[in-house]
Amino acid sequence: MLETGEYSAAKPLMERALAISSSSLNELAPSLLGIQTKLGRIHAGLGEEEAARDCFEQNIAGLDQAGVQSTSIRAAALSGLAGYWERRGNYSTARLFQERALEMVRGSLGDRHPATAAALDQLAMLQWAQGEGGAALAGARQAEAGGREHLRGPGRCLGEREAVRSAGVRPG
């Protein structure tokens, strides 16, 4: 539902998941913190900005308390906070959060992962908003190159016919 933008339908389900998880898990359990980050995305999608920010900040505080520094959950929360500040026009603060998110994603997934490309793309948009067109263009190109390289990967594992079919290309 999150991927399709059905935030109104997703919100009560995610709130229920959070309540159930909260009653049965340690408050610092990674799955609970992941649910909290997703709930923050839902709040942001519904325009409930302060609730979104609270979810992301609580998530980061929980990870800090647990002593967990670099996770995909933290990167998602940092990126969520970057979006919060970007929507308020505070691009320098948004950029700091997005740079930290990119560092974590890149460190754990590498340069050729779609999540790294998405984080690079978001950083490029912030650079553009701050008038850094050259840096933004370089970041966007790097994001595109990483995404293209990632898409080439499945073709190496497939037979020729499957690779051609997967790429949507007709043999000449």
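Criteria and cut-off values
- Residues numbered from 1 in each chain as written.
- Predicted model: local features only at pLDDT ≥ 70, side-chain atom pairs only at ≥ 80, totals over all residues.
- Heavy atoms only, no water.
- Phe/Tyr/Trp six-rings, centres within 6.5 Å; stacked < 30°, edge-to-face > 60°.
- Buried < 20%, exposed > 50% of the residue type's maximum accessible area, 1.4 Å probe, protein only.
- Helix = DSSP H or I, 4+ residues; strand = E, 2+ residues; numbered from the N terminus.
- Expected span 1.5 Å × (residues − 1).
- Salt bridge = Lys/Arg side-chain N within 4 Å of Asp/Glu carboxyl O.
- Axes fitted to C-alpha atoms, helices over the stretch in contact; angles between N-to-C directions.
- Parallel < 35°, antiparallel > 145°, perpendicular 65-115°, else oblique.
- Left-handed = near helix turned anticlockwise from the far one by under 90°.
- Contact = heavy atoms within 4.5 Å.
- Nonpolar A, V, L, I, M, F, W, Y, C, P; charged D, E, K, R; others polar.

Asker: Explain the packing of aromatic side chains here, please?
Answerer: How two aromatic rings sit relative to each other is set out by the distance from centre to centre and by the angle between their planes. If you walk through the whole model with that rule in mind, you get 1 aromatic pair. With centroids separated by 4.9 Å and ring planes inclined at 85°, the aromatic side chains of Tyr-84 and Trp-85 adopt a geometry described as edge-to-face. For Tyr-84, a relative accessible area of 3% puts it in the buried group.

Asker: Please clarify how helix H2 (residues 30-45) should be interpreted in this entry.
Answerer: Every α-helix winds through 3.6 residues per turn, so residues three or four apart in the chain are directed the same way. For H2, spanning 16 residues, the distance from its first C-alpha to its last is 23 Å, which sits close to the expected 22 Å at 1.5 Å a residue. Considered for burial, the residues of H2 that qualify are Leu-32, Leu-33, Gly-34, Ile-35, Gln-36, Thr-37, Leu-39, Gly-40, Ile-42 and His-43. Trailing H2 by a residue or two, Gly-47 shows a phi angle of about 80°, which is positive.

Asker: How should the pattern of salt bridges be read in this particular structure?
Answerer: In a structure, side chains of opposite charge can pair up when their charged atoms sit close to one another. Summed over all chains, the structure comprises 11 salt bridges. A salt bridge links Arg-106 to Asp-111, with the nearest nitrogen and oxygen atoms 2.7 Å apart. Given a relative accessible area of 29%, Arg-106 falls into the partly exposed group. Residues joined in a network through salt bridges with shared partners are Glu-49, Glu-50, Arg-53, Asp-54, Glu-57, Arg-87 and Arg-88.

Asker: So what exactly am I meant to see when it comes to the packing of helix H1 (residues 7-24) against H2 here?
Answerer: The description of two packed helices rests on the angle between their axes and on the distance between the axes. Interhelical geometry of H1 versus H2 gives an angle of 155° and a closest axis separation of 9 Å. Taken together, the axes of H1 and H2 lie roughly antiparallel to each other. The crossing of H1 and H2 is left-handed. Taking contact as the criterion, the partners of Tyr-7, Ala-10, Lys-11, Met-14, Glu-15, Ala-17, Leu-18, Ser-21 and Ser-22 in H1 are, on H2, Leu-32, Ile-35, Gln-36, Lys-38, Leu-39, Arg-41, Ile-42, His-43 and Gly-45. A per-class count over the contact of H1 with H2 returns 9 nonpolar, 5 polar and 4 charged.

Asker: Just to check I follow, could you spell out the environment of Lys-11 for this structure?
Answerer: In this structure, Lys-11 sits in helix H1. Sequence separation between Lys-11 and Gly-40 is 29 residues; the distance between their C-alpha atoms is 9.7 Å.

Asker: What's the story with helix H5 (residues 91-109) in this structure? I'm lost.
Answerer: The end-to-end C-alpha separation of H5 is 26 Å, in line with the 27 Å expected for 19 residues at 1.5 Å each. Looking at the buried residues of H5, the elements they touch are helix H4 (72-87) and helix H6 (114-129). Phi turns positive one or two residues past the end of H5, at Gly-110, with a value near 90°.

Asker: Before we go on, may I ask you to explain the packing of H2 against helix H3 (residues 49-66) in this structure?
Answerer: With their axes 7 Å apart at the nearest point, H2 and H3 run at an angle of 160° to one another. In terms of axis orientation, H2 runs roughly antiparallel to H3. Handedness of the H2/H3 crossing: left-handed. Note on element contacts: H3 touches H2 through Glu-49, Ala-51, Ala-52, Cys-55, Phe-56, Gln-58, Asn-59, Gly-62 and Leu-63, opposite Leu-33, Gly-34, Gln-36, Thr-37, Leu-39, Gly-40, Arg-41, His-43 and Ala-44. Partitioned by chemical class, the residues of the contact of H2 with H3 number 8 nonpolar, 8 polar and 2 charged.

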